[in-house]
Amino acid sequence: MFSELLRVPIVTPQVLVPVDVLAALLTLWTLVGRRRGLVLRLIALVVGAGIGLLAVWWFGDVRDTFGVAFTPVTRMWVALAFAGIALALVVLVQGGLGGRAWGRRVLAVAAMAAVVLAAGLGVNVDFGAYRTIDQAITTNPYPNGTLGHQHAAAPGASVVDAATWTAPAGMPREGKAMSFRIPGTVSHFHARKAVVWLPPAALTKDPPTLPVLVTFSGQPGQPSDMFQAGGMGRYLDAYAAAHKGLAPIVVAPDQLGAPNRNPMCLDSRQLGRTATYVMTDTVHWITKHLDVASGPSAWGVDGFSEGATCAMQFSAEHPDVFGSALAISSEIAPFTGSAQHSAQVAFHGDRAAYAAAAPVAIMRRNAPYHDHLTVFGFGQDDAPYRATTARLRAAAEQAGMQTDVLVSPGSAHDWNTVRYVLAHGLPLVIAHLGLPAQDGAL
């Protein structure tokens, strides 16, 4: 029963409306249930809401602590949460003796809990992060995998000819996501388990040679994010269902090392050799264990936020490996804390070296690119990343890349944007990787 509760959707009106109504009723009862001290409680509500808005402004707009442009909806929920906390604190301090006083305290705590829960659910809906409680508390739900009939493709192998491929009887209807440990043999980078997604065709006894897509979560995050929050497997299953079980193999390595770390997909003494982990250890693991085609025409990379920045760095720096990229809300440069701190931890304070690591500088340095596609995406309400995307796209086109841009309507720097861009952008990338073009979004 408990496990079933964890899988209940928390983004539906059936859950959200009762929680919101309960929070409103408890708050109203706490506020006006006793005339004495009413003015003070009203002041607490206003001051609490003001503190919440000030906190969002300071940590979000001024300090950019989270690297996210908060929407008016999220700001409203934060303000309401702080208002509920302030109201409860005032009621607890106002005190009084007797059973009624304790009743008021219990009611205030219940109201505060309900408001905070409603705010949390509201922010979650706005960011589009988790559909169930299970998703929120399970960092990697995918079992340890075995590769079965997978084997390394012959050197120089090409992507299967979809026109001549015939799906065998008994082929699974859906792909499968599994966890694998990709060792940092050369980099000595301490990575968490990667997630590998195999399409239905790759799960057959004699799997075809397929393209590969390397995908990165944002920060904070974990390798499973693009599947759990982004729904990547669902979109790829939709593509495979329309194309005889064919789709790219997807590998989601850990470029962070821990949820709140950001090694910036660079090699540094202080943060670790993340670039070597991805471009040497992970690439070698893929070619050794998976039946993937050779050459940049069959290799792509994608990511969201910090992960999109990594995708741009690797795609721009290694066009001999990656010929396609999908960058969802990419930063203009690798970034942790501030430009000064980023340069300090990665390049011993050398700002020129740090500037040279930005995707724009890399593209300028390695131009011209040939048969290289980069698809950009961002949320309509995400002004900062609209600006960075415009700069990155201009630099990409100037360097000779083919580009496209997708704008997610009514979303910002959130997983709603990720899902929209994946649904509309994956078909473009998949076609460039050598599989059949998809008619419309997934």
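Scroll up for the structure.
The structure displayed is predicted, hence computed values, not measured ones.

Here is what the cut-offs are and how they apply
Residues numbered from 1 in each chain as written. Predicted model: local features only at pLDDT ≥ 70, side-chain atom pairs only at ≥ 80, totals over all residues. Heavy atoms only, no water. Helix = DSSP H or I, 4+ residues; strand = E, 2+ residues; numbered from the N terminus. Buried < 20%, exposed > 50% of the residue type's maximum accessible area, 1.4 Å probe, protein only. Contact = heavy atoms within 4.5 Å. Areas by Shrake-Rupley, 256 points an atom, 1.4 Å probe, with all protein chains shown as cover. Lys, Arg positive; Asp, Glu negative; His and termini not counted. Charge placed at Lys NZ, Arg CZ, Asp CG, Glu CD. Pairing = 2+ DSSP bridges. Axes fitted to C-alpha atoms, helices over the stretch in contact; angles between N-to-C directions. Salt bridge = Lys/Arg side-chain N within 4 Å of Asp/Glu carboxyl O. Right-handed = clockwise from strand over helix to strand, strands pointing away. Expected span 1.5 Å × (residues − 1). Bend = angle between axes of the 7 residues up to and from the residue. Polar contact = N/O pair within 3.5 Å; in protein donor to acceptor, adjacent residues only side chain to side chain. Core = buried A, V, L, I, M, F, W, Y, C linked by side-chain atoms within 4.5 Å. Parallel < 35°, antiparallel > 145°, perpendicular 65-115°, else oblique. Left-handed = near helix turned anticlockwise from the far one by under 90°. Arc of directions from axis to C-beta.

> Mind laying out the overall build of the protein chain, listing which residues take part and the relevant values?
Along its length, the protein chain carries 15 helices and 10 strands. Each principal axis of the C-alpha atoms in the protein chain carries an extent, and together these give about 80 × 55 × 40 Å. Out of the 442 residues in the protein chain, the part that is buried amounts to 53%. Taking all contacts inside the protein chain whose residues are at least 6 apart in sequence as the whole, residues at least 24 apart take part in 77%. As displayed, the protein chain offers around 19800 Å² of accessible surface, 62% of which is attributable to carbon and sulfur atoms. Placing the 30 positive and 28 negative side-chain charges of the protein chain at their respective mean positions leaves the two points 13 Å apart.

> Explain the sheet that holds strand β3 (residues 212–216) residue by residue, including any values.
Read across the open sheet, the 8 strands follow the order β1-β2-β4-β3-β7-β8-β9-β10; overall the sheet is mixed. The open sheet terminates on both sides in strands that have one partner only, identified here as β1 (176–180) and β10 (402–408). Each neighbouring strand pair of the sheet contributes to a mean axis angle of 15°, computed without reference to strand direction. Both strand β8 (residues 324–328) and strand β9 (residues 373–379) contribute to a ladder of 5 bridges, which runs parallel. Within β9, the residue paired with leucine 326 across the bridge is valine 375. On the sheet, helix α15 (residues 415–432) packs against β3, β7 (299–304), β8, β9 and β10 and is oriented at approximately 170° with respect to β8.

> Give a description of the pattern of salt bridges that names residues and reports values.
The tally for this structure, following the rule as stated, stands at 3 salt bridges. Note that glutamate 317 and arginine 365 form a salt bridge whose closest N and O atoms lie 3.3 Å from each other. Of the two residues, glutamate 317 sits in helix α10 (residues 306–317) while arginine 365 sits in helix α13 (residues 359–366), which places them 48 residues apart along the sequence.

> Any chance you could break down the pairing of β10 for me, citing the residues and the numbers?
Where β9 meets β10, 7 bridges bridge the pair, whose relative direction is parallel. Counterpart to glycine 377 in the pairing with β10 is leucine 406. Crossover β9 to β10 through helix α14 (residues 383–398) is right-handed.

> Just give me the short version of unusual backbone geometry, but keep the residues and values in it.
Residue proline 220 follows glutamine 219 across a cis peptide bond; omega there is 5°. Within the secondary structure, proline 220 is located in the loop between β3 and α7 (225–228). In the segment running from alanine 367 into proline 368, the intervening peptide bond is cis, with an omega of 0°. Looking at where proline 368 falls in the secondary structure, it is placed in the loop between α13 and β9. Phi at serine 305 takes a positive value of approximately 60°, unusual for a residue other than glycine. Classification of serine 305 by relative accessible area gives buried; the value is 8%. The backbone of histidine 348 shows a phi angle near 55°, a positive value even though the residue is not glycine.

> Now, about α15: what can you tell me, with residues and values included?
In this model α15 runs 24 Å from its N-terminal to its C-terminal C-alpha over 18 residues, within 8% of the 26 Å that 1.5 Å per residue would give. At glycine 425, α15 shows its largest kink, close to 40°, and the proline proline 427 lies no more than four residues downstream. Taken across its 18 residues, α15 has 13 buried, putting it largely inside the fold. Measuring from the backbone nitrogen of asparagine 416 back to the side-chain oxygen at the start of α15 gives 3.0 Å, which picks out aspartate 414 as the cap. Remark: glycine 434 follows α15 within two positions and exhibits a positive phi of approximately 105°.

> Account for the nonpolar core, naming residues and giving values.
Counting 76 residues, the largest nonpolar core has Met232, Ile286, Leu290, Trp299, Phe314, Leu422 and Leu426 as its most contacted members. With 8 residues, the top contributor of residues to this core is α15. Among all residues touching phenylalanine 314, those that are not within four sequence positions of it are Phe216, Cys265, Ala275, Val278, Met279 and Phe322.

> Kindly report on the packing of α10 against α13, identifying the contributing residues and their values.
Contact geometry for α10 and α13: axes closest at 9 Å, N-to-C directions at 10°. Considered as vectors, α10 and α13 are oriented roughly parallel to each other. The two elements α10 and α13 cross, and the hand of that crossing is left-handed. In this structure, α10 contributes Thr309, Met312, Gln313, Ala316 and Glu317 to the contact, and α13 contributes Pro359, Ile362, Met363, Arg365 and Asn366.

> Residues and numbers for α14, please.
Between its first and last C-alpha, α14 extends 23 Å over 16 residues, near the 22 Å set by a 1.5 Å rise per residue. Within the span of α14, buried status applies to Tyr385, Thr388, Thr389, Leu392, Ala395 and Ala396. Taken down its axis, α14 places every buried residue within 130° of arc, on the same side. Exposed residues on α14 whose side chains face more than 90 degrees from its buried face are Ala383, Arg391 and Gln398.

> Explain the side chain of serine 268 residue by residue, including any values.
Along the polypeptide, serine 268 turns up in strand β5 (residues 267–268). Taking relative accessible area as the criterion, serine 268 reaches 8% and is therefore assigned buried.

> Tell me about the environment of glutamine 255, residues and numbers included.
Topologically, glutamine 255 is positioned in the loop between β4 (249–252) and β5. In sequence terms glutamine 255 and phenylalanine 70 are 185 residues apart; their C-alpha atoms lie 25 Å from each other. Residues within four places of glutamine 255 in sequence aside, it is in contact with Phe189, Phe216, Ser217, Pro263, Cys265, Thr274, Glu306, Gly307 and Cys310. For glutamine 255, the side chain forms a polar contact with the side chain of glutamate 306, separated by 2.9 Å.

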